[in-house]
Amino acid sequence: MTVRLGINPITWTNDDMPELGGDIPLETCLAEASEAGFSGIEMGGKFPRDAETLRTLLDRHSLRLVSGWYSAHLARRSASEEAEKVDAHLRLLVAMGCSVMVFAEGHGSTDGDPAAPLSRRPILPDSEWPGFCARLNETARHLGMHGVRLAFHHHMGTVVQTEAEIDRLMAGTHDEVGLLLDTGHLVYAGGDPLAVARRHPRRIVHVHCKDVRADVLRASLTSDSSFLRAVLDGVFTVPGDGSIDYAAVLAPLARAGYSGWLVVEAEQDPAKAHPLTYARMGFTNLRRAAEAAGFALQ
């Protein structure tokens with residue numbers, strides 16, 4: 001099977017912490033993403049939200065829009081309310097030819113609070129899971145009617161963080177609800193990306209590839225630091241620069257016929273981790289791992 005390699009602009013600029021790369025122009029980000037070898041990039045806060053403007057900008061750098069993050073509140077909103085909230089974002093992704101939407105549950109999340117220890121992240125009560133999954137099913141069907149697959153992003157500091165919560169989400173939803181496998185977030189949460197890839201290979205519709213510095217992770221967990229504090233401390237890096245075996249994790253996806261994007265998404269401080277250097281490293285290492293797993297690059 002063939003895959004395409006993309007990158008997230010968080011390598012250059014962190015929308016949750018504008019002090020990280022806020023001064024780096026979008027043109028620099030796009031030029032360097034292309035120079036590093038990537039054929040696509042995900043949406044960032046500096047991107048124009050008009051499809052024609054955005055298409056012209058990306059075409060200038062031979063890049064495609066891969067997808068864009070959406071923070072839902074289905075733990076409290078109805079599916080019809082969520083459909084109204086997501087409409088403008090959905091229309092932009094459709095106009096840009098995107099096949100998936102990066103979709104996370106944001107209700108009560110602590111990932112954007114630099115003062116919130118991860119132990120304070122929200123937990124969805126058992127009684128609320130069936131309704132949450134039903135609303136997620138309905139929202140996924142709505143996106144699917146527009147040709148976009150919902151790629152649910154398990155994420156630190158949210159109600160779907162752990163491996164067990166991922167399994168519960170997959171068991172409680174229909175196949176229309178796809179899974180975004182984020183290797184770094186899963187390792188951070190104490191999970192095993194390879195085990196999840198083996199259990200849910202045909203539900204995985206998008207992949208975020210961030211590696212983990214094991215020593216920084218241990219220190220962050222011991223101190224119960226906030227997610228953003230751990231990012232500043234350098235918990236994440238690009239594939240091949242940490243502890244995750246990407247060839248092993250990607251192999252079950254290759255066997256299952258995965259043909260989407262593999263996206264390098266490794267938030268770091270650009271003042272410490274030179275963006276172009278790490279983008280090139282991520283591209284080289286991820287390409288090598290993808291080919292070792294049995295993928296061909298498109």
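Residues numbered from 1 in each chain as written. Predicted model: local features only at pLDDT ≥ 70, side-chain atom pairs only at ≥ 80, totals over all residues. Heavy atoms only, no water.

This paragraph deals with the packing of helix α4 (residues 129-145) against helix α5 (residues 163-172). Two numbers describe how α4 lies on α5: the axes approach to 9 Å, and their chain directions differ by 60°. Every pair of crossing elements has a handedness; the one defined by α4 and α5 is right-handed. Contacts between α4 and α5 involve Trp129, Phe132, Cys133, Leu136 and Asn137 from the first element and Glu165, Arg168, Leu169 and Gly172 from the second. The residue inventory of the contact of α4 with α5, partitioned by class, reads 5 nonpolar, 2 polar and 2 charged. (Axes fitted to C-alpha atoms, helices over the stretch in contact; angles between N-to-C directions. Helix = DSSP H or I, 4+ residues; strand = E, 2+ residues; numbered from the N terminus. Left-handed = near helix turned anticlockwise from the far one by under 90°. Contact = heavy atoms within 4.5 Å. Nonpolar A, V, L, I, M, F, W, Y, C, P; charged D, E, K, R; others polar.)

Because side chains alternate across strand β4 (residues 69-72), one face comprises the buried residues Tyr70 and Ala72, and the other comprises Trp69 and Ser71, none of which is buried. For the handedness criterion, the β-α-β arrangement of β4, helix α3 (residues 79-95) and strand β5 (residues 100-105) is classed as right-handed. (Buried < 20%, exposed > 50% of the residue type's maximum accessible area, 1.4 Å probe, protein only. Right-handed = clockwise from strand over helix to strand, strands pointing away.)

Grouped together as the largest cluster of nonpolar side chains are 94 residues, with contacts concentrated most on Phe103 and Leu262. With 8 residues, helix α11 (residues 275-293) is the largest single contributor of residues to this core. When residues no more than four places from it in sequence are discounted, the contact partners of leucine 262 are Val3, Arg4, Leu5, Gly6, Val207, Cys209, Leu250, Leu286 and Ala290. Among the nonpolar cores identified, the runner-up in size contains 5 residues, and Val100, Val102, Leu180 and Val205 belong to it. (Core = buried A, V, L, I, M, F, W, Y, C linked by side-chain atoms within 4.5 Å.)

For the rest of this paragraph, the subject is the pairing of strand β7 (residues 177-182). The buried count for β7 comes to 6 of 6 residues, which makes it a mostly enclosed element. Burial of the side chains of β7 extends over both faces: Val177, Leu179 and Leu181 are buried on one face and Gly178, Leu180 and Asp182 on the other. Of the pairings in the sheet, the one linking strand β6 (residues 149-153) to β7 comprises 4 bridges and is parallel in character. Opposite phenylalanine 152, over in β7, you have leucine 179 as the bridge partner. Between β6 and its parallel partner β7, the chain crosses via α5, and the hand of that crossover is right-handed. Relative to strand β8 (residues 204-209), β7 runs parallel, the two being bridged by 4 bridges. (Pairing = 2+ DSSP bridges.)

It is worth spelling out the layout of surface pockets at this point. In this structure, the largest pocket spans a volume of roughly 530 Å³. Around the largest pocket, the lining is made up of 31 residues, and of these Ile10, Asp15, Asp16, Met43 and Trp69 lie nearest the centre. Among the elements of the structure, α1 (26-36) and α9 (227-233) are those that each provide at least two residues to the lining of the largest pocket. Taken together, the residues that form the lining of the largest pocket break down as 11 nonpolar, 12 polar and 8 charged. Considering only enclosed or pocket space, the second largest pocket measures out at about 180 Å³ in volume. What lines the second largest pocket is Arg4, Ser99, Val100, Arg149, Ile204, Val205, His206, Tyr258, Ser259, Gly260 and Trp261. When its residues are assigned to classes, the lining of the second largest pocket shows 5 nonpolar, 4 polar and 2 charged. (1 Å grid on protein atoms, 1.4 Å probe; cavity = no way out; pocket = protein on both sides within 12 Å on 5 of 7 lines; lining within 4 Å. Points joined across faces, edges and corners; volume = space filled by probe spheres on them.)

With respect to the secondary-structure elements, glutamate 267 resides in the loop between β11 (261-264) and α11. Here glutamate 267 falls in the buried class, since its relative accessible area comes to 4%. Those residues in contact with glutamate 267 that sit more than four places away from it in its chain are Ile10, Asn14, His185, Lys210, Phe227, Val231 and Phe236.

Right, let's get into the packing of aromatic side chains. Centre distance and the angle of the planes are the two values used to describe a pair of aromatic rings. In this structure the tally under the stated criterion is 8 aromatic pairs. The interplanar angle of 85° and the centroid separation of 5.2 Å between the aromatic rings of phenylalanine 38 and phenylalanine 283 together place this pair among those described as edge-to-face. Here the residue phenylalanine 38 occupies a position in the loop between α1 and β2 (40-41), and phenylalanine 283 occupies one in helix α11, the gap between them amounting to 245 residues. We note that phenylalanine 38, like phenylalanine 283, is buried. Ring pairs connect the aromatic residues Trp129, Phe132 and Phe152, which therefore count as one cluster. (Phe/Tyr/Trp six-rings, centres within 6.5 Å; stacked < 30°, edge-to-face > 60°.)

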